[in-house]
Structures are given as structure tokens and as C-alpha cells.
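The chain contents come next:
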Amino acid sequence: MPNNPCPIVPHHGGGDTTAKSPVTMRILGIGASAGGLAPLEQFIARVPPRSHMAYVVVQHLDPTHKALLPELLQRATPMPVREARQGTLIEPDCVYVIPPNTELSVVDGRLNLATPLESRGMRLPINVLFSSLASAQGEQAIGVVLSGMGSDGTLGLQAIKAVGGLTAVQQPDTAQFDAMPSSAIAANCADIIAPPGDLPARILACLAQGPKQGAPGHLETELEATPLQRILRLLQGRTRHDFSLYKPSTLHRRMERRMAIHGIATLTNYADYLQHNPQEIDLLFKEVLIGVTSFFRDAPVWEYLVDSTLPELLARRPREPHLRAWVVGCSTGEEAYSLAMAFTEALEKLPNAHDVTLQIFASDLSPDAIATARRGHYPAEISSSVSAERLARFFSAHADGYQINSDIRDLVLFAQQDVVLDPPFTRLDLISCRNLLIYFDQSLQHKLIPLFHYSLRAGGVLLLGSSETVGRHTQLFAPIQSKLRLYLRQDSAQSSDIRLPVKSLPPLSWIAKELPVSANNSSSQTTDNLQAAADQVLLQVYAPAAVVVNDEGDIVYISGRTGKYLEPAAGKANWNFHAMVREGLRTPIGSALRQAADQSEPLHLPGLQVQLPGGGMQSVDVTVQALREPTTLRGMKMIVFRDIAKTHANPANKNKSTTAAHQAYAAELQQYQDEIQTLREENRTSQEELQSANEELQSTNEELQSTNEELTTSKEEMQSMNEELQTINAEMQTKLDDLALAQSDMNNLLNSIEIAILFLDQNLNLRRFTDRASKIISIREGDIGRPLSDLTTSLLYPELNDDALNTLSTLAFSEKQITTTNDRWFTVRIMPYRRLDNVIDGVVITLIDITATKELEQALRKDLQS
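Each residue is numbered by its place in its chain's sequence as written, counting from 1. Local features in this predicted model are restricted to residues of pLDDT 70 or higher, and side-chain atom pairs are both shown and tallied only at a pLDDT of 80 or more, whereas totals for entire chains, interfaces and linings draw on every residue. Computation of side-chain values: all heavy atoms of the structure, hydrogens and water removed.

Asks: Got a minute to help me understand the overall build of the protein in this structure?
Replies: In DSSP terms, a helix is any run of H or I states spanning at least four residues, a strand is any run of E spanning at least two, and both are numbered starting from the N terminus. Helices and strands together make up the secondary structure of the protein, namely 23 helices and 31 strands. A burial count over the protein gives 44% of its 866 residues as buried. Of all intrachain contacts in the protein linking residues separated by at least 6 positions in sequence, the fraction that spans at least 24 positions is 65%. The protein chains shown are the only cover counted for residues, whose accessible areas, like all others here, come from Shrake-Rupley with a 1.4 Å probe. With an accessible surface of roughly 45200 Å², the protein has 52% of that area assigned to carbon and sulfur atoms. Buried residues are those whose accessible area, probed at 1.4 Å on protein chains only, stays under 20% of the maximum for their type, while exposed residues exceed 50% and partly exposed ones sit between those limits. In this analysis, two residues are considered to be in contact whenever any of their non-hydrogen atoms come within 4.5 Å of each other.

And the structure:
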């Protein structure tokens with residue numbers, strides 16, 4: 001993993017041109033939720049104390065409950081664990097933990113705390129942290145997702161991966177709740193997948209694979225031409241896309257990242273690894289196409305487009321009702337939709353331009369990016385780049401983000417396309433190709449600028465990225481706003497100045513060839529067989545016209561004259577029957593062809609009407625039959641045409657036959673009219689019933705949709721609360737374990753000092769006692785909760801209960817020497833029981849055996865008296 005920050009290779013046009021400055025300290029973000037305490041402790045415990053990285057921990061916490069996470073994690077590591085504070089400077093080898101009811105992010109090397117704007121069930125604090133790390137640290141950023149429910153963290157890991165950072169995920173089968181790790185893995189944004197205790201070593205090993213800061217990359221110094229070419233050939237063979245014209249430095253960075261993940265040191269070994277692992281080629285392809293994009297990026301550019309460029313385009317084209325634009329390298333669609341919204345806003349500012357429409361063609365090399373763009377669904381974080389007015393107007397809010405409205409979606413046509421290899425879109429008014437050219441070498445840049453000139457109409461506009469220019473092609477484009485990288489197509493460019501990259505298009509050998517049609521050369525065949533010759537003449541002169549077609553409808557054989565029924569289609573030569581058959585025959589014959597495949601008997605279509613080339617009408621009988629013999633014709637179908645000759649009536653019977661025919665037609669017509677009327681009434685009744693049922697279903701659907709939205713909101717809130725409760729439960733369980741241990745320690749301490757102690761509550765009921773006390777006062781475990789006055793004691797101390805009451809009420813210390821029934825002496829001390837919060841909650845009675853002291857005292861007195 002390289003430590004020197006650098007621009008990231010995007011989907012075509014989707015890169016981030018902001019170079020990150022070298023950062024000596026990495027910041028590792030950790031996200032966890034339900035079931036996350038144990039893996040957090042395992043992860044932190046395995047981090048070396050001197051890793052020279054800072055660790056920021058975000059966990060879903062109850063906003064109303066004081067978190068115990070810092071002190072719990074402190075037990076697992078010698079590094080200092082601190083609760084995050086606003087503006088704290090991040091230091092290496094420290095752990096920072098999110099406080100409750102906040103969102104934690106990293107800005108300029110400091111911690112930034114903010115109050116969540118979303119409701120309790122909608123908060124995604126892990127995404128917030130990871131996204132800020134991606135922005136602040138670039139490819140230095142590291143994100144780790146541990147156990148938890150939901151999908152928080154996935155979008156953040158995608159942001160880190162997009163800028164070239166490192167991502168790691170807990171192995172799902174080791175997580176108590178595997179939803180968050182599984183979501184990140186399903187989104188293909190996990191570089192490392194391992195148990196939590198193994199993740200630190202894996203991450204550090206991956207970082208150790210990269211070149212040292214300030215040193216030239218190791219890939220640049222080895223003899224790499226052959227292995228690099230092998231890798232590019234493997235990429236082209238599997239994906240069809242040629243990356244040989246990309247800048248070598250951009251390719252090296254992406255390969256270094258994949259090599260570091262697999263622990264591979266040289267390009268030669270990586271080429272061998274790719275050779276035996278085709279799935280790694282797919283991963284490298286996606287790595288090269290990582291894109292960073294957002295809505296309305298570089299706001300001044302979009303303001304100028306809305307205020308000046310688009311209105312000028314609309315004003316220049318009063319006779320052209322359709323504007324056409326091409327967004328090259330659209331990535332996940334944000335820029336294409338931004339252009340659609342900008343066009344809509346610009347159109348509203350013009351008084352007479354509402355009859356103008358816009359068609360945006362948005363292309364990208366990545367099929368995954370195109371699929372995301374077509375869905376038009378984006379996370380809630382887009383509110384930081386899209387104004388509230390635009391969100392309300394062009395988006396529909398959903399529980400998990402925003403959906404682009406259909407009127408904006410319909411303006412954009414997304415397509416997977418390689419701008420280097422595939423033919424371009426043409427007759428365009430605007431081309432947006434931002435932050436793509438910087439990743440190509442100069443030879444490819446010099447080919448694409450003329451291609452854009454060719455694709456634009458006269459007066460078209462070219463928009464490039466902030467770090468891109470048209471270079472030496474000033475005869476093709478003149479600057480409109482140099483600072484904004486807006487250029488106007490020059491119509492006076494000489495043809496000699498325009499060199500299109502025709503060699504980049506697919507070779508002609510790749511173009512699918514039409515099915516060859518065998519010429520009917522039977523007339524040129526000679527035969528000595530008289531019968532065969534006669535049969536041939538009969539077939540040519542008297543047999544009906546016919547054609548044989550295959551399963552796809554392509555004509556493979558023609559017999560007789562078929563000009564009345566077929567005519568070549570305009571444009572490229574096409575021998576498909578459906579394209580050549582004349583109007584009037586296409587629909588019934590097409591239906592018959594589908595039916596004939598399932599039956600052995602021929603289908604007859606009598607009395608079809610076809611318009612002749614001269615303008616008249618011809619009645620024709622058509623027979624369609626599926627062929628099963630001989631074997632060479634099996635699966636094909638024959639279509640036979642027979643003209644119906646016009647009949648001439650006898651003049652003698654003309655009037656009679658005409659009258660009979662008219663009567664028959666009138667009766668048949670009346671029958672049809674009656675049937676039609678009946679069908680109309682039935683249809684009207686059915687329509688009314690369907691209308692009523694439809695209204696009921698719409699009402700039910702609205703109610704169910706409302707209920708579903710309420711249930712979804714409740715589910716998310718309950719899930720959030722459940723995660724918070726899981727976290728609190730884990731903390732409480734840890735606390736209970738600590739309290740149990742402390743209680744055990746206290747019992748052992750009290751029993752080891754051989755002092756009789758009684759703990760009484762405010763009612764002077766027994767709360768706790770030591771084993772030594774049970775030998776002086778008759779008590780056992782079952783006496784817990786009994787009043788002091790009910791206990792039997794060997795002490796000759798009837799005032800014990802009164803003195804305890806006095807101490808409880810006055811807080812005065814009491815100490816007396818009391819003898820027992822068996823002539824033993826004890827110092828009885830009574831003092832208030834004071835809790836940690838300075839509240840008096842009972843009394844403590846201590847009994848110290850002073851019998852030996854008393855005996856010694858009596859002996860000394862006897863000696864003195866004697």
C-alpha cells in the first residue's frame with residue numbers, strides 16, 4: 001500500500017483531481033454496533049503500542065445513556081483511551097471514542113463533534129466518520145467494520161476505497177451480528193476479511209508492503225516492461241478494454257494496492273498470480289475504474305452553466321427543438337443528473353423555451369457504475385452537496401436515501417462505452433468530460449480532443465475538468481471561461497487539423513457478417529436427365545412462389561417470382577423475411593410462423609390482401625409449413641404464395657346473384673352489429689366494475705403504503721434502539737463482572753483480617769457480616785435483613801441498639817469496651833456507613849478482641865499492688 005498520496009484513477013471522468021499532501025500519521029477508523037464490544041477489545045488488544053497511527057472508534061450508543069466504552073477499552077490496551085472532545089488534536093498511538101448523541105468526524109487533523117440531524121433510527125455515524133477520513137486523508141485513510149446490525153459503514157468504506165484507502169471487515173462467521181460486515185462484503189468494498197484479533201496484523205502487513213514515503217516506488221525501478229505488458233494483455237483479453245494508453249503512474253498505484261493486499265512484491269509475480277486467478281483480473285479492473293464524483297462538484301462551473309452557457313445554447317437553436325449532451329465518464333450518474341437539473345433550471349428562466357427538450361447521453365466503462373446510475377438512488381449524505389431546494393424538487397426522500405425523480409431520470413440515457421474504443425455520440429451541443437484526460441497519456445489526449453470536435457455541432461460547448469485543457473488544439477476550441485475550463489467549438493477548423501482516432505475503433509474483422517444467401521444457380525446447371533430437366537422447367541414456370549426461412553426468419557432459399565410479396569428493405573442489405581415482406585402480409589404470416597413451429601399440419605391463410613408495386617391490390621393464399629424432412633431442412637419453414645384469380649360474373653345471372661349476395665351481406669352485417677352491441681354493453685359493464693375495483697385497490701394500496709412507511713420507520717427505530725440496548729447490555733455485563741470480582745475481593749479481605757464487622761442499613765437491619773462476627777453474635781446467612789435488636793449476642797451490652805440509633809441520627813462516633821458472658825473483652829466501635837456519593841446509608845459496628853490486652857493490664861495491676 002503506497003504511502004505517498006496521489007490522484008486516483010476514476011471511471012472515465014469521475015476522478016478527484018485534488019492531490020493530498022503527504023501525511024505522516026495515519027488515522028484508522030473503527031465502526032461497530034450490536035455485539036461490537038468483544039471484537040473491539042480483541043482488535044485494540046492486538047494493536048502494537050507504537051504503531052504510529054491514531055484510532056477513532058464509533059459505536060451506536062444510546063443517546064440518553066452515559067457510555068462506559070472508554071474505560072472498558074482502556075483495560076485492553078496500554079495506549080491511552082479518551083472520549084472524543086471538540087477540536088482535539090489527533091495524536092498517534094491514542095484511541096478516541098465517540099460520545100453519546102454525537103456524530104464524529106475528522107477535519108484538518110482534529111476531531112469534530114456535531115449533533116445528529118436525523119432521527120434516532122436514521123443515524124449512520126460510521127458512514128459519517130469514514131467519509132470524513134476519505135476526504136481528510138485520501139489514500140492514507142483506513143476503515144474497519146466490526147459486528148453490528150444494518151448496513152452502516154458500507155457507504156463510508158466505499159468512499160475510502162474510492163480514494164485509494166485501505167478497508168477491512170470482520171469475518172462474518174466470527175461476528176455476533178454479521179449484517180454490517182456482510183453488507184460491506186456484498187458491496188465489494190472489503191480489502192481484508194479476517195477475525196477481529198487478526199485484523200491489526202493484516203493491516204500492518206499490508207501497509208508494510210508499500211514503498212516508504214519520499215522514496216521512488218519500487219515498481220518504477222524494476223525491469224517491468226514485460227510483466228506490465230502481460231498484465232495489460234490479461235486485462236484486455238478478459239475485459240476487452242485496452243489500458244496501454246493510461247499513464248503508467250496511475251496504473252502502478254492501482255497495481256501496488258492489489259499487490260499489497262496479497263503480499264506480492266514484484267510485477268512479475270503479480271502477473272503470474274493474475275494468470276492463474278481470473279477473478280483477480282476483475283478486481284484489478286474495478287480497482288482501475290474507482291471513481292470519485294458528487295452532485296454539482298465545483299459549484300462555480302454549474303452556476304455559470306445555468307446562468308450563461310445553457311441559456312446561450314437555447315437561444316442559438318430556435319429551430320432545433322432538441323439539445324443533445326454527452327457526459328463522458330459519468331461514473332455513478334451524479335454529474336449527468338446535475339446537468340439535467342441545471343438544464344431544467346435554465347429552461348425555466350427563459351420565457352419562450354419550454355418547447356425545447358434535452359437528451360443527455362451518459363457513458364462509462366464500468367458496468368457496476370452504470371447500474372448504480374440507472375437506479376438513481378443515492379445515500380442521505382448527498383444533502384451536503386445538493387441544496388434543500390433541489391432535494392425537495394428533484395428527489396424523493398426515502399428511508400435509506402434519495403431517489404431521483406422520473407422527470408429528471410427520463411432526460412438521461414446511460415450506456416456502457418469505452419471512449420477510446422467505441423464510436424462516439426454525434427450531433428451534440430455539449431460535451432462534459434471532466435477529470436478523465438489527466439489519466440491518459442498525451443498521445444491519447446491529442447486523439448480525443450479532435451474526436452470531441454467532430455462529435456459537436458457548430459457552436460457546441462466542451463466542458464473539461466479543473467486540471468485539464470485542450471492543449472495545442474486551440475484551432476479546434478476557443479475558451480469561453482478559461483478558469484472554468486469551458487470551450488467553444490471552432491467551426492473554421494481545417495480538415496487537415498482534425499485527426500480522428502479511427503484506429504481505436506474495432507477492426508472490420510470484428511463486425512458480424514450477414515448470413516450468406518446461396519444464389520439459385522440451378523439454371524446454369526446442365527443435366528443429361530430429361531425428366532430432371534423437365535421438372536426443373538415446371539418448377540420455374542408453373543410452381544407457386546415460395547421462400548424457405550430459418551428459425552430467425554432469415555431467407556435461405558427463394559423459388560419462383562416473389563417480387564409481389566417481398567421487397568428489399570431500405571438501408572443496409574438485410575435478408576430477413578420480416579424486414580422484406582410487404583404490408584398486409586407481415587402480421588398474419590408472422591403469427592403463422594410462430595404457430596407452425598408447434599404443429600405438423602400446414603397453416604393456410606386464405607384471401608390475404610397485398611398492395612402491388614403498381615398500386616393495385618392482389619388477393620393471395622399463403623401456406624406456412626414447418627419442415628422436418630429432409631434432415632438438412634429440419635427446423636426451417638416454407639412459405640408458399642398462390643395468387644387468387646379475379647372471377648367474372650355471367651351477365652345473365654348478374655342481377656340475381658347481386659341481389660342474393662346483398663341480402664346475405666345485409667343479414668351477416670346485422671348479425672355482426674348485434675354482436676358488437678352486445679359486446680359493447682358487456683364491455684361497459686366490465687369497465688365500470690373494473691373502475692370500481694381499481695378505485696378500491698388504489699385506496700387500499702395508499703393505506704398499505706402509509707402503513708408500510710410507518711412500519712419501516714418503526715422497524716428502523718427499533719433496530720437502532722436494539723443495537724443501543726445490545727451495546728448497553730454488553731457494557732452492563734462487563735460492569736457486573738467487575739462488581740462480582742470486587743465483591744469477591746472484599747469478602748476475602750474482610751475474612752482475612754480476623755475482625756468482627758456488622759453492616760446495618762438505615763433501619764438497623766443486618767446487611768452483611770464477617771465470619772468472625774458470627775462467633776460473637778449468633779447470626780448466619782439466613783439472618784440477613786433481621787433487626788439488630790432480634791439478634792442474640794454474648795456481649796454484655798444491652799445499650800447496643802440504642803447507641804447504634806444514636807450514631808445513625810447524630811453521626812457521632814461511638815467506642816466502648818464491652819465484656820462477654822465468657823469473660824472476653826471487645827472494643828465496640830459504631831460509626832456511620834457513608835456511600836461514595838456521600839450519603840449516610842446505615843452504620844458499621846466493629847468488634848476488636850482486646851482480651852489479651854485486658855489480661856495483661858490486670859497482671860500489671862496485681863504486680864503494682866504487690
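Asks: Please explain helix α1 (residues 37–45) as it appears in this structure.
Replies: Since there are 3.6 residues in each turn of an α-helix, residues three or four apart along the chain are aligned in direction. When α1 is considered as a whole, its buried residues turn out to be L37, P39, L40, F43 and I44. Axial view of α1: buried residues confined to an arc of 165°, hence all on one face. Each direction from the helix axis to a C-beta atom contributes to the arc, which is the arc of those directions.

Asks: Would you mind showing me how to read the environment of Q762 here?
Replies: Inspection of the secondary structure assignment puts Q762 in the loop between β25 (756–760) and β26 (766–769). In this structure, the C-alpha to C-alpha distance between Q762 and V843, residues 81 residues apart in sequence, is 7.3 Å. With residues up to four places along the chain from it excluded, the contact list for Q762 reads L808, I840, D841 and G842.

Asks: Help me out: how do you make sense of the pattern of salt bridges in this one?
Replies: By definition, a salt bridge exists where a carboxyl oxygen of Asp or Glu is found within 4 Å of a side-chain nitrogen of Lys or Arg. One pass over the full model with this rule turns up 24 salt bridges. For R489, the salt bridge identified is with D491, shortest N-O distance 2.8 Å. Between R582 and E567 there is a salt bridge, with its nearest N and O atoms 3.4 Å apart. A residue pair is termed long-range when its members are at least 10 positions apart, and R582 in the loop between α19 (577–580) and α20 (586–596) and E567 in the loop between β21 (555–559) and α19 qualify at 15 residues.

Asks: When you look at unusual backbone geometry in this model, what are you seeing that I'm missing?
Replies: What you tend to see is this: most non-glycine residues have negative phi, and most peptide bonds are trans. Here the phi dihedral of F296 falls at roughly 50°; this positive angle occurs in a residue that is not glycine. As for its position among the elements, F296 is in the loop between α11 (278–288) and α12 (299–316). The backbone of S331 shows a phi angle near 55°, a positive value even though the residue is not glycine. Along the polypeptide, S331 turns up in the loop between β10 (322–328) and α13 (334–348).

Asks: Help me understand the packing of helix α10 (residues 267–276) against α11, please; the structure alone is not making it clear to me.
Replies: Helix packing geometry: the angle between the two helix axes and the distance between the axes. Orientation is described by lines fitted to C-alpha atoms, with helices fitted over the stretch in contact, and by angles between N-to-C directions that extend from 0 to 180 degrees. Two elements in contact, α10 and α11, have axes whose closest approach is 5 Å; the angle formed by their N-to-C orientations is 115°. On the basis of their axis angle, the class for α10 and α11 is roughly perpendicular. Across from Y270, Y273, L274 and H276 in α10, the residues of α11 making contact are P278, E280, I281 and L284. A per-class count over the contact of α10 with α11 returns 6 nonpolar, 1 polar and 1 charged. Oblique is the label for any angle not covered by the other classes, which are roughly parallel (under 35 degrees), roughly antiparallel (over 145) and roughly perpendicular (65 to 115). Residues are grouped as follows: Ala, Val, Leu, Ile, Met, Phe, Trp, Tyr, Cys and Pro are nonpolar; Asp, Glu, Lys and Arg are charged; all remaining types, including Gly, are polar.

Asks: Any chance you could explain the sheet that holds strand β9 (residues 192–194) here in plain terms?
Replies: In a beta sheet, neighbouring strands pair by backbone hydrogen bonds and run either parallel or antiparallel. Note: two strands are recorded as paired if DSSP finds a minimum of 2 bridges between them. Read from one edge to the other, the open sheet built from 7 strands follows the order β3-β4-β2-β1-β7-β8-β9, with strand pairing classed as parallel. The sheet is open, and its two borders are formed by β3 (81–83) and β9, each paired with just one other strand. For this sheet, the mean angle separating the axes of adjacent strands, direction not counted, is 20°. Across the face of the sheet, α1 comes into contact with β1 (26–32), β2 (53–59), β4 (95–97), β7 (142–145) and β8 (166–170) while running at roughly 155° to β1.

Asks: Which parts of the structure should I look at to understand the packing of aromatic side chains?
Replies: Each aromatic ring pair is described using two quantities: the centre-to-centre distance and the angle formed by the ring planes. Within 6.5 Å between ring centres, the rings of Phe, Tyr and Trp (the latter by its six-membered ring) count as paired, and their orientation is classed by plane angle as stacked under 30 degrees, edge-to-face over 60, tilted in between. Evaluation of the coordinates by the stated rule reveals 11 aromatic pairs. Between F296 and W302 the ring centres are 5.6 Å apart and the planes differ by 80°, which places this aromatic pair in the edge-to-face class. Here the two residues F296 and W302 agree in accessibility, since each one is buried. Judged by centre distance (6.3 Å) and plane angle (75°), the ring pair of F395 and Y402 falls under edge-to-face.

Asks: Even after reading the chapter, I still don't get the nonpolar core, so can you show me in this structure?
Replies: Proteins that are soluble and globular tend to have nonpolar side chains buried together. As used in this record, nonpolar core signifies buried Ala, Val, Leu, Ile, Met, Phe, Trp, Tyr and Cys residues forming a set joined through side-chain atoms within 4.5 Å. Membership of the largest hydrophobic core comes to 45 residues, with the highest contact counts inside it found for F295, Y337, I360, F395, V412 and F414. Among the elements that make up this core, the one with the highest residue count is α13 (9 residues). Setting aside anything within four residues of it in sequence, one finds I360 in contact with A325, V327, A336, L339, A340, L411, V412 and L413. A32, V47, L199 and I203 belong to the second largest nonpolar core, which has 32 residues in total.

Asks: Please clarify how the sheet that holds strand β13 (residues 395–398) should be interpreted in this entry.
Replies: With antiparallel pairing, 3 strands are arranged side by side in an open sheet as β12-β14-β13. At either margin of the open sheet sits one strand with a lone partner, and together these are β12 (377–378) and β13. Pairing analysis gives 2 bridges linking β12 to strand β14 (residues 401–404), with the strands arranged antiparallel. Each bridged residue has a counterpart across the sheet, and for Y378 the counterpart in β14 is Y402.

Asks: How do you make sense of the confidence of the model for the protein when you look at a structure like this?
Replies: Note: predicted coordinates in regions of low pLDDT should not be interpreted at a detailed level. On a scale of 0 to 100, pLDDT captures the predictor's confidence in every residue. Per-residue confidence for the protein gives a mean pLDDT of 79, with 82% of residues at or over 70. Low confidence marks residues 211–225, where pLDDT is under 50. Its contacts with residues over four positions away, or in another chain, come to 27 contacts. Per-residue pLDDT stays below 50 along residues 502–528; that stretch engages in 19 contacts with residues further than four places along the chain or on separate chains.

Asks: How do you make sense of the pairing of strand β29 (residues 814–819) when you look at a structure like this?
Replies: A regular strand places its side chains on the two faces of the sheet in alternate fashion. When β29 meets strand β30 (residues 825–834), the two strands line up antiparallel, connected through 6 bridges. Opposite Q817, over in β30, you have T827 as the bridge partner. If you look at the hairpin formed by β29 and β30, you'll find 5 residues sitting between the two strands, and D823 has a positive phi there, around 65°.

Asks: Please explain the packing of helix α3 (residues 125–137) against helix α4 (residues 154–162) as it appears in this structure.
Replies: With their axes 7 Å apart at the nearest point, α3 and α4 run at an angle of 10° to one another. The orientation of α3 relative to α4 falls into the category roughly parallel. On α4, the residues touching N127, F130, S131 and A134 of α3 are T154, L155, G156, L157, A159 and I160. Of the residues assigned to the contact of α3 with α4, the class counts are 6 nonpolar, 4 polar and no charged.

Asks: How should I be thinking about α3 in this particular structure?
Replies: Expected span of a helix, by definition, is 1.5 Å for each gap between consecutive residues, and there is one gap fewer than residues. Relative to the 18 Å expected for 13 residues at 1.5 Å per residue, α3 spans 18 Å between its end C-alpha atoms, a close match to the ideal helical length. Of the residues making up α3, those classed as buried are P125, I126, N127, L129, F130, S132, L133, A134 and Q137. Where α3 is buried, its residues contact β1, β2, β5 (103–107), β7, α4 and α5 (179–186).

Asks: Explain the pairing of strand β6 (residues 110–114) to me, please; I cannot follow it from the model alone.
Replies: Taken together, the 5 bridges between β5 and β6 define a ladder with antiparallel strand orientation. Bridging from a neighbouring strand, V107 pairs with R110 of β6. The hairpin formed by β5 and β6 contains 2 residues between the paired strands, and D108 there has a positive phi angle of roughly 55°.

Asks: Before we go on, may I ask you to explain the environment of S183 in this structure?
Replies: Following the sequence through the fold, S183 ends up in helix α5. Taking the C-alpha atoms as reference points, S183 and P172, separated by 11 residues in sequence, lie 9.9 Å from one another. Here S183 is in contact with G150, S151 and T154, once residues within four sequence places are set aside. There is a polar contact of 2.7 Å between the side chain of S183 and the side chain of T154. Contacts described as polar in this section are N or O atom pairs within 3.5 Å, which, within protein, must combine one atom able to donate a hydrogen with one able to accept it, while residues neighboring in sequence count only if both atoms come from side chains.

Asks: Looking at this model, I keep getting lost on the environment of A34. Mind explaining?
Replies: Tracing the backbone shows A34 in the loop between β1 and α1. Filtering out sequence-adjacent residues up to four positions away, A34 remains in contact with S147, G148, M149, F177, E723 and Q726.

Asks: Teacher, can you tell me more about the side chain of S105 here?
Replies: Along the chain, the position of S105 falls in strand β5. In this structure S105 comes out as buried when scored by relative accessible area, which is 11%. Not counting residues up to four positions away in its chain, the partners in contact with S105 are R110, L111, N112, V128, L129 and S132.

Asks: Looking at this structure, I do not really get the side chain of T807. What am I missing?
Replies: Within the secondary structure, T807 sits in helix α22 (residues 800–810). Given the relative accessible area of 1%, T807 is considered buried. Look past the residues within four positions of T807 in its chain and what remains in contact with it is A812, S814, I830, M831, P832 and V843.

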